[in-house]
Structures are given as C-alpha cells and as structure tokens.
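Summary of the model geometry
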Amino acid sequence: MIVTSAVRHAAAGTAAVLFVLPVPAATASPVTSGVPVTSAVSVTSAASAVSGVPGASAASGTSDSSLREPTPPVRHHVDPARLDRKGTQVQPLPGAPSVPSLSALSWVVADASSGEVLAARNAHRKLPPASTLKALFALTALPHHEPSEQHTVADSELTGIGDGSSLVGVKEGYTYKVSDLWNGVFLSSGNDAVHVLAAMNGGWESMSRQMQDKARSLGAMDTHVVSPDGYDAPGQVSSAYDLAVFGRAGLQDPEFTRYCSTRYADFPAGSWSYGIANTNRLLTGEDGVARYPGLLGIKNGYTSNAGNTLISAARRGDRTLVVSVMNPQGGGGLAVYEEARELLDWGFEAVEQVRPVGSLLPVHTKAAAGADSRAVSVPREGSAAKAAGKAVAAGKAEAAAKAEAVGKAEAVGKAGATGNAPRAGAEAAAVPGKDSTVGAAPSGASVGLPLALVGSACAAALALWARRRRSVNRVN
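Residues numbered from 1 in each chain as written. Predicted model: local features only at pLDDT ≥ 70, side-chain atom pairs only at ≥ 80, totals over all residues. Heavy atoms only, no water.

**A word on the pattern of salt bridges**
- A full pass over the atoms with the stated rule returns five salt bridges.
- With a shortest N-O distance of 3.0 Å, E338 and R341 are connected by a salt bridge. On the criterion of helical spacing, the pair formed by E338 and R341 is a turn pair, its members being three residues apart in helix α10 (residues 335–350).
- Three or more residues joined by partner-sharing salt bridges are found here, namely D111, R319 and E352. (Salt bridge = Lys/Arg side-chain N within 4 Å of Asp/Glu carboxyl O. Helix = DSSP H or I, 4+ residues; strand = E, 2+ residues; numbered from the N terminus.)

Right, dumping it as structure tokens:
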C-alpha cells in the first residue's frame, strides 16, 4: 500500500508537468545537401508531421509528388581543350547546315545568352586586334563616368596619338559631354576620344593595366594590352575567342549596347556640330554592304598589321548571336562584313542542330555552375564578407532562440504553479506560419528540459509522500 501511494503521487506529479508543457515541434531529418529548403516546403513538412498525414499541406494542398527535387537540366559534354585545336571545330547533329568556308584566319560564332560556342576556327590564335580592342576599353572605362558629365580637354590629353589614327575631331580647350566622347569612340573609332577618356581614368599606362585586369576577369587569357585604342604596338594581341567574350559582355550593359548600335550622331565643335556615321557597314549599309537585319553593332577595326577585324551581334526572335572575325585573306576590305554575315546566317539556322564546342564563360563561372545544376550565379567581390556576416548573424539568432526557449520553459513552469499554464500544444498552434528551421538538430536545452522537469516532479512527489507518512506516524 505504501508503494502504491508513492506511485500514485509520482504519477500525478508527472501528469501535471506533462500537461502544462507544450508539444515539441516536429523536426525533419538533417538536410545534408546544402540546398536551402523553401518556406512552403517547411510549412508543409511541419504540418504533415503534426497531422500524421504524409504529404498533407497546411494551406496549399500540394501533394507529396510536387515537393520532389526538380530534374536537373541536361548538360552537354564539352571538351575544354577543343577550342585550342587548329582548324574548324563544330559538332553537327543530323541535318545541320554546313559551316561556311571562310578566308579569315580565325573566327567564332556563339550564343550571346548562354555563352555556348556553336563553331569556331583557330579560336585562340593570337593576332593583332586593331580597333576591336576598343570594346575592352569601353567595358573597362564606361562605368566610371556618367554620360552627362562634362569635360574640358587639355592639350596634354591629345599627345601620343599614333600616325594615321582614325579621329573624330576632339579639340583641346573644348568642353564635351562624356556621351559625345563615347560616340566618337564607337562610331568614328576615334583614337583622340580614347586618349581623352583614358586620361580621365588614370592615364594611358593605368588604363592599359585596368584593361588587362578586366580581360582576365572575363576569362580572356589571349589578350595583351599595350595601346588601349588598338593601335598597332609590339606584343599587342588578342584572339577571336577573346573578342567574342568582350562582345558578349558588352551586350549585358545597356549603355554599351546603345553606343555600339548607334548609326548616326552629332558631334559638337564649339558653337556648332557635325554628323558622324558608324563605320560598321553591316549596321549602316554603307559602301555597298547590305545592312544585316537585327544587327546590334559592336565594333570593327583595321590596321595594316592586323588587317580587318570585327565583332558583331544580331538578334532574331529570342535568340542573340555574337560573332568575331579576324583578318580575312581574300575578298578585299569589305570581306570581313560578308564573312560575319555568313556566320550569323549559319548560326541562326544551326543553333538547335549543333552541340557546343566550347563556352565564353570564365573558368570559375563554369566550375561553379558545374558543381550544382541549381547554381545560377557566381559570388561577386565582397560577397564572402557578406556571407561571413550572415553566418555570424545566424549564430547570434540561434543563441537567442535557445535562450528564448529556456525562458519560455521557465515561464511555463511558473504558470503551472499558479494554475495559469497554457494547454498542451497551444504555443505551436498560435504561430503556425512562423519561420522555423527545418532539418536543424534539436538543441540540448529543448530536449533535456522536459526530462529534468519530469525527474524533479517525481522527486517532489516522493518527498511529499515521505513527509506525509512521517506526520501520520507521529500522530499515531
């Protein structure tokens, strides 16, 4: 009978404690893939665990099948060394059109959106780029000054321009808007405008280093910058691959695209102005070269050492292609435009009928995309510090959550003593939409606290029973 009474007291104390404690939140297995779980999936999983109905949804009614991992996109195997080979590289599927036979020493045709190279010839052959190098100059210098900013040209800024350079007519002592100078660069290929803009961005040598760094950041490893305007200089080279990289990068900048696709503009000359025309014949249709439909321009070039060079892009429907052509060996001075036309025509016809032979994306971008099919971007400069800050904040939040959990448990204990304890599960039911971490291991405080309280209740019940037995004995 003594034992039975003790057991009754212990059971009563345990039941009282369990009654006032909230029902522990349901937790899922730890997530090991490193992929964040969306809030919709978190809520659904928690609701399913509470209700005991697999796949039940708290609000949307989605089925279990809708929560499965999406099928990753099919990835084409691309030999990274293929573009290093000599000759024409293409992987046609049955029914694909034949690649045009061109006289250019090297060329590339690629999808501007994905960066996939559809075909190429001697893609990494190092050759003088001529004024197509101005595309890299624009990528480097454009972000540093607003188009409406005005600049008065000093005489020193026009020194060192190479003999026979193409000029737009910049004069010392005149004040120009930055947009006027960029029109001079893109339309007239003006080396005088390049010299002024380079002076505004640290000077000639500094500009060369900045351009070199920009080329490397884009994955253009064949380019060596000596003269930012593209004027022939010992050791200055690029490649059809790198020029296509510059063209694709430029199309992602609305300002760059606006300048390179402008056919005609007025250039100021003090109290009056004169018209200038883009020297890209595919864009303007000048000198007997027919305009190409949907052309977005970019940049052409010529020197006696480099021959004719060209970066062009065109849009047809939802597809944009970029091509680069370096130094055609036949057909005269206009052959570079006609060969670019042939590449664009072939690319639009063959875009779904060839496997890519390479990519214009930087190596680190391709590595990040290959690591996980769901990766959509590459962290930019400073993102590591932001990630570290988020990790610290997450650590602080976790500590605060643990402290809050302990505090709530203590409050529940006090409420139980005064008879104001909430019903079991009331805490969980009050905030069904509150953010929760699905897959996180339960903390030591949340697991150990109920056990400690149960043990304390049992001990208290036994002590109470013993005290009552002693008082009964003394009475007897």
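More follows now that the structure is in view.
**Re the pairing of strand β8 (residues 272–277)**
- Examined bridge by bridge, strand β7 (residues 264–269) and β8 share six bridges and lie antiparallel to one another. By the bridge assignment, A269 is partnered in β8 with W272.
- Two successive antiparallel strands, β7 and β8, enclose a turn made up of two residues, where G270 displays a positive phi of approximately 80°. (Pairing = 2+ DSSP bridges.)

**A few points about the packing of aromatic side chains**
- Counted according to the given criterion, the structure contains eight aromatic pairs.
- Ring plane angle 10° and centroid distance 5.9 Å describe the contact between F186 and Y259, whose orientation is recorded as stacked. You can see F186 sitting in helix α4 (residues 178–186) and its partner Y259 sitting in helix α8 (residues 254–260), a full 73 residues away along the chain. Exposure class is identical for F186 and Y259. Each is buried.
- A centroid spacing of 5.9 Å and a plane angle of 50° characterise the contact between F267 and Y274, whose relative ring orientation is tilted.
- Residue F267 is classed as buried on the basis of its relative accessible area, which comes to 0%.
- Take Y274: its relative accessible area is 24%, and that puts it in the partly exposed class.
- Clustering of aromatic rings is evident, with ring pairs tying together F137, W182, F186, F256 and Y259. (Phe/Tyr/Trp six-rings, centres within 6.5 Å; stacked < 30°, edge-to-face > 60°. Buried < 20%, exposed > 50% of the residue type's maximum accessible area, 1.4 Å probe, protein only.)

**Digging into the packing of helix α3 (residues 134–141) against helix α6 (residues 204–217)**
- Interaxial distance between α3 and α6 falls to 9 Å at its minimum, and their mutual angle equals 95°. Comparing their axes, α6 and α3 come out roughly perpendicular. Together, L136, F137, L139, T140 and A141 of α3 and M207, Q210, M211, K214 and A215 of α6 make up the contact between the two elements.
- Residue composition of the contact of α3 with α6, by class: seven nonpolar, two polar and one charged. (Axes fitted to C-alpha atoms, helices over the stretch in contact; angles between N-to-C directions. Parallel < 35°, antiparallel > 145°, perpendicular 65-115°, else oblique. Contact = heavy atoms within 4.5 Å. Nonpolar A, V, L, I, M, F, W, Y, C, P; charged D, E, K, R; others polar.)

**A few points about the nonpolar core**
- F137, V170, W182, F246 and F256 are the most contacted members of the largest nonpolar core, which totals 62 residues.
- Considering each element in turn, this core owes the most residues, eight residues, to helix α7 (residues 240–251).
- When sequence neighbours within four positions are dropped, the list of residues in contact with F137 reads W182, V194, L197, A198, M207, M211 and P228.
- V109, A314, V336 and V354 belong to the second largest nonpolar core, which has 27 residues in total. (Core = buried A, V, L, I, M, F, W, Y, C linked by side-chain atoms within 4.5 Å.)

**Description of helix α5 (residues 191–200)**
- Of all 10 residues making up α5, nine are buried, and the element is well covered by its neighbours.
- In this fold, the buried residues of α5 make contact with α3, β5 (150–152), α4 and α6.
- The first or second residue beyond α5 is G202, which carries a positive phi of 105°.

**Section: the pairing of strand β9 (residues 295–303)**
- Taken across its nine residues, β9 has eight buried, putting it largely inside the fold.
- Relative to strand β10 (residues 307–316), β9 is paired through eight bridges, and the arrangement is antiparallel. Within β10, the residue paired with K299 across the bridge is I311.
- Once β9 ends, the chain turns through three residues before running back antiparallel as β10.

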